[in-house]
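A look at the structure
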There are 2 protein chains.
Amino acid sequence: MTEIAPILVDLFILFAAAKVGGELFEYLRQPAVIGELLAGVLVGPHVFGMVGTEGEPVLEVVAELGVIILLFTVGLETSLADLRRVGRPAALVGVLGVLFPFLAGTGLMLGFGRGREEALFVAAAMVATSVGITARVLRDLGAVRTAAARVVLAAAVVDDILAVILLSVVAGLTEGDQSRLALIVSLIQVFAFLGVVVLAGPRLVRRLSGLAHTPVVPRSPFLFAVLVTLGLAALSGTIGLASIIGAFLAGVIFEFTREEIANQIEPLYEFLVPFFFAVTGSRLDPAVFADPGILGVAAAVTVVAVITKLAAGRLGAGALGRGGAWTVGLGMVPRGEVGFIVASLGLGLGIISAEMFAVVLAMTVLTTLFTPPVLGPAVRRQLKAPRPEEGG
Amino acid sequence: MTEIAPILVDLFILFAAAKVGGELFEYLRQPAVIGELLAGVLVGPHVFGMVGTEGEPVLEVVAELGVIILLFTVGLETSLADLRRVGRPAALVGVLGVLFPFLAGTGLMLGFGRGREEALFVAAAMVATSVGITARVLRDLGAVRTAAARVVLAAAVVDDILAVILLSVVAGLTEGDQSRLALIVSLIQVFAFLGVVVLAGPRLVRRLSGLAHTPVVPRSPFLFAVLVTLGLAALSGTIGLASIIGAFLAGVIFEFTREEIANQIEPLYEFLVPFFFAVTGSRLDPAVFADPGILGVAAAVTVVAVITKLAAGRLGAGALGRGGAWTVGLGMVPRGEVGFIVASLGLGLGIISAEMFAVVLAMTVLTTLFTPPVLGPAVRRQLKAPRPEEGG
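Quick summary incoming for the structure in this document.

The rules behind the values
Residues numbered from 1 in each chain as written. Chains lettered and ligands numbered in written order. Predicted model: local features only at pLDDT ≥ 70, side-chain atom pairs only at ≥ 80, totals over all residues. Heavy atoms only, no water. Helix = DSSP H or I, 4+ residues; strand = E, 2+ residues; numbered from the N terminus. Rg over C-alpha atoms; globule rule 2.2 N^0.38 Å. Buried < 20%, exposed > 50% of the residue type's maximum accessible area, 1.4 Å probe, protein only. Lys, Arg positive; Asp, Glu negative; His and termini not counted. Charge placed at Lys NZ, Arg CZ, Asp CG, Glu CD. Salt bridge = Lys/Arg side-chain N within 4 Å of Asp/Glu carboxyl O. Least-squares fit on C-alpha atoms with pLDDT ≥ 70 in both. Contact = heavy atoms within 4.5 Å. Expected span 1.5 Å × (residues − 1). Axes fitted to C-alpha atoms, helices over the stretch in contact; angles between N-to-C directions. Parallel < 35°, antiparallel > 145°, perpendicular 65-115°, else oblique. Nonpolar A, V, L, I, M, F, W, Y, C, P; charged D, E, K, R; others polar. Phe/Tyr/Trp six-rings, centres within 6.5 Å; stacked < 30°, edge-to-face > 60°. Left-handed = near helix turned anticlockwise from the far one by under 90°. Buried area = accessible area lost by both parts, 1.4 Å probe. Polar contact = N/O pair within 3.5 Å; in protein donor to acceptor, adjacent residues only side chain to side chain.

**A closer look at the overall build of chain A**
For chain A, the helix and strand inventory stands at 16 helices and zero strands. A compact globule built from 392 residues would reach a C-alpha radius of gyration of about 21 Å, and chain A, at 20 Å, matches this within 12%. Along the first, second and third principal axes, the C-alpha set of chain A runs to 65 × 50 × 50 Å. By the burial criterion, 61% of the 392 residues in chain A qualify as buried. Averaged over its 26 positive side-chain charges, chain A has a centre that lies 13 Å from the centre of its 29 negative ones.

Shown next as structure tokens:
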């Protein structure tokens, strides 16, 4: 038997802190997300330690359920046609947004005198955008249907696929053995998954929805959507993509039932999503910044991580006009779970040192904290500005 | 980093199995709960092993969140006045329902040649009703407001308090040391908790709700209710009561906002509650019944566990008429997490053998599986029958 009561206490504290922090920031006319993140930092094990670390796997999974529901909800507001229309800029932003941080990150690490393998791993951990924060900001501002938002969401899918490839290649370079086969298998899985979901998904769901609409069970379309979301999230997580990519695509597939299920997703959203932001915040250990050496590396890595994504957005999404392109770049800045995974893989293999692991962790949290206050105003300007049609 | 993808797969499988099992049973005009439980048995680690055991703590917590939401929802349909009106029969059912299984269980174990301490522990594990299944059956049939339902719900609170006391006493008997102080402290906590919640809770919540209704955050009453539910569940879990007692009381406190929040609780209910039943089912290891010796003990313990609660209901709730009293007894039959906790405590102390642990586990699952098909028709008869006013 697991001792459940202490974990319930942790969940209560995280939820309460997130809600208080969120309300406070809304009251101050700031994005609620920042309040939720900072509340997480405060109650987390590194500051006031009100939330223990024993329940960590549970908290991580509840947080993951939160970001899955978040991306599903955002997907609900995105149609496949929308995504296709921004295909070209999104692909460009995705490719450049992987290339730039990887090259600049490798150079930076080598410049700091790190070994080749460690440099490659840290750089690989700097690559993958985690679109959760951006999705939340876009959603809070009602901006999911803007051209910039669509480019970010589609580019996040491209970005994640490239990150999987890059990770396999880097792991292959450092391990050296039969991982070429593993890479090929992994790529086939990823493309088969995307192919089936994007090509057959909508039609399949429409047909099954008819079946699910039979009055046997109330609210079937909602439950069916949740089931598919959980399934696609689990599947994309299993083949090496971020699980939120699967959740987002599930939302895109169910876009046609949006009216019917939006009301029912909302309470799930409000219960689960705050956990994601509070748990993410709780990971930050401000003590990392007490060592000036590490602080310098962390600052440099974070700056490079921000600038390279901005540049990718500016160059890749130029068709959206200058403001739109910067907004896209900003939206791609936050890093998250994929960075953690790469870094902990490197730590486990003995390739990344504990300090560089802390640096990667700090970079992911800082890029996450950095985004809402800067992205918010940029998105608001986009909502007001008359914008040129996106390139197609 | 926890590997999240495998746990997402487990959650997907449990959810899908529960939904398919539930739909199938509804289609067969049987209670959906049974389908969900049996689906859990099938996908669980002991039968088809589609759900691993590594993610177990996470699954347990998600299941616990499910039963917390379930009891909160049932509490929402129960007013304090309703509970007070059935105070006398409920107290009687609670007391007899603890006394009978404890005495009969001790006798049975001694009769099977078990030692005194093991007999006391097994008997203590037979005591506490877990009202989750009953609550679900009552809710599915729209019978939460019947007199029998109210007696069961109020008696479950009494029962749980007595179980805490009994457990402390038994642990004191076997450990022997300064646990008398611990018992007193524990009792003070329990009564302070109940006193504050029942006496001050409704007024406090009404006042704070006014505050929460300010338009800063949409859906505040819902979020506020969820926050309080999580808090009371965590608190009652921490002081040794079942966390569902706190969740039920939270529902009772918020009964006055029922109209406002019922719609928003529903999706949370439909997402989380199936996990509770599927995870509960997955605990059953049918292999226990391959050993005829253990099978005999398990059967005897289960029969005693059922009969003693039926007798307590019949004698304690006689004021409801014969049918009502039997319904109350049936509603008190299912055992659950408190039984597990007592048994694993005994296992950890080396007082309960592995076989008797399996027996307790089997008893809890069997009483849970037994209830819906028998309770359902009894409740339906109660809904039709003209019933005498409950004693007050």
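Now, onward.
**Description of the pattern of salt bridges**
Residues and elements named next belong to chain A. In this structure the tally under the stated criterion is twelve salt bridges over all chains. Two residues, Arg139 and Glu77, come together in a salt bridge whose shortest N-O distance is 3.2 Å. Remark: Glu77 occurs in the loop between helix H3 (56-76) and helix H4 (80-85) and Arg139 occurs in helix H7 (residues 132-140); sequence separation between them is 62 residues. Overall, the relative accessible area of 18% leaves Arg139 in the buried class. In this structure Glu77 comes out as buried when scored by relative accessible area, which is 15%. Counted as one network, the salt bridges with shared partners bring together Glu36, Arg136 and Asp140.

**Examining the relation of the copies chain B and chain A**
Expressed as a screw operation, the relation of chain B to chain A combines 0.0 Å of axial shift with a rotation of 180 degrees, fitting to an RMSD of 0.0 Å. Within this description, the copies of the chain are treated as partners about a two-fold rotation axis. Taking C-alpha positions as the reference, the residue of chain B nearest the rotation axis is Val58 of chain B, at 2.4 Å. Comparing interface residues between copies, 100% of those in chain B also sit at the interface in chain A, which points to an isologous, same-surface contact.

**Observations regarding helix H5 (residues 87-111) of chain A**
Residues and elements named next belong to chain A. Helix length check: H5, at 25 residues, gives a terminal C-alpha distance of 36 Å against a target of 36 Å (1.5 Å per residue), a fit within 8%. Of all the residues in H5, the buried ones are Pro89, Ala90, Val93, Gly94, Leu96, Gly97, Val98, Pro101, Phe102, Gly105, Thr106 and Met109. Looking one or two residues beyond H5, the residue adopting positive phi is Gly113, at roughly 80 degrees.

**Looking at the packing of helix H1 (residues 4-27) of chain A against helix H12 (residues 258-282) of chain A**
Residues and elements named next belong to chain A. Packing of H1 against H12 brings their axes to within 9 Å, and their N-to-C directions diverge by 90 degrees. With respect to their mutual orientation, H1 and H12 come out roughly perpendicular. Note on element contacts: H12 touches H1 through Glu270, Phe271, Pro274, Phe275, Ala278 and Val279, opposite Leu11, Leu14, Phe15, Ala18 and Lys19. When the residues that make up the contact of H1 with H12 are grouped by side-chain class, the tally is nine nonpolar, no polar and two charged.

**Looking at the packing of aromatic side chains**
All names here are of chain A. Counting across every chain of the model gives twelve aromatic pairs over all chains. Seen in terms of ring centroids, Phe15 and Phe271 are 5.7 Å apart; in terms of plane orientation they differ by 55 degrees. Their pairing is tilted. Separated by 256 residues along the polypeptide, Phe15 in helix H1 and Phe271 in helix H12 bring together distant segments of the chain. A relative accessible area of 0% places Phe15 in the buried class. According to the relative accessible area criterion, Phe271 is buried, its value standing at 3%. Ring pairs connect the aromatic residues Phe15, Phe271 and Phe275, which therefore count as one cluster.

**Some remarks on the packing of helix H6 (residues 116-125) of chain A against helix H16 (residues 354-384) of chain A**
Residue and element names in this part refer to chain A. Where H6 contacts H16, the two axes come as close as 10 Å, and the packing angle between them is 15 degrees. The angle between H6 and H16 falls in the class roughly parallel. Taken as a pair, H6 and H16 cross one another with a handedness that is right-handed. From H6, Glu118, Val122 and Ala125 reach across to H16, where they touch Met356, Val360 and Met363. Of the residues in the contact of H6 with H16, the class split is five nonpolar, no polar and one charged.

**Here's the deal with the interface of chain B and chain A**
The interface of chain B with chain A comprises 49 residues on the first partner and 49 residues on the second. For the pair chain B and chain A, the summed buried surface comes to about 4,500 Å²; carbon and sulfur atoms form 79% of the total. Across the chain B-chain A interface, the total number found is zero residue pairs in polar contact (both at pLDDT 80 or more). Counted by class, the side of chain B that touches chain A contains 32 nonpolar, nine polar and eight charged residues.

**Side note on the side chain of Ser282 of chain A**
All names here are of chain A. Here Ser282 lies in helix H12. By relative accessible area, which is 12% here, Ser282 ends up buried. A polar contact of 2.7 Å, which involves the side chain of Ser282, links it to the backbone oxygen of Val279. When sequence neighbours within four positions are dropped, the list of residues in contact with Ser282 reads Gly40, Val41, Gly44, Pro45 and His46.

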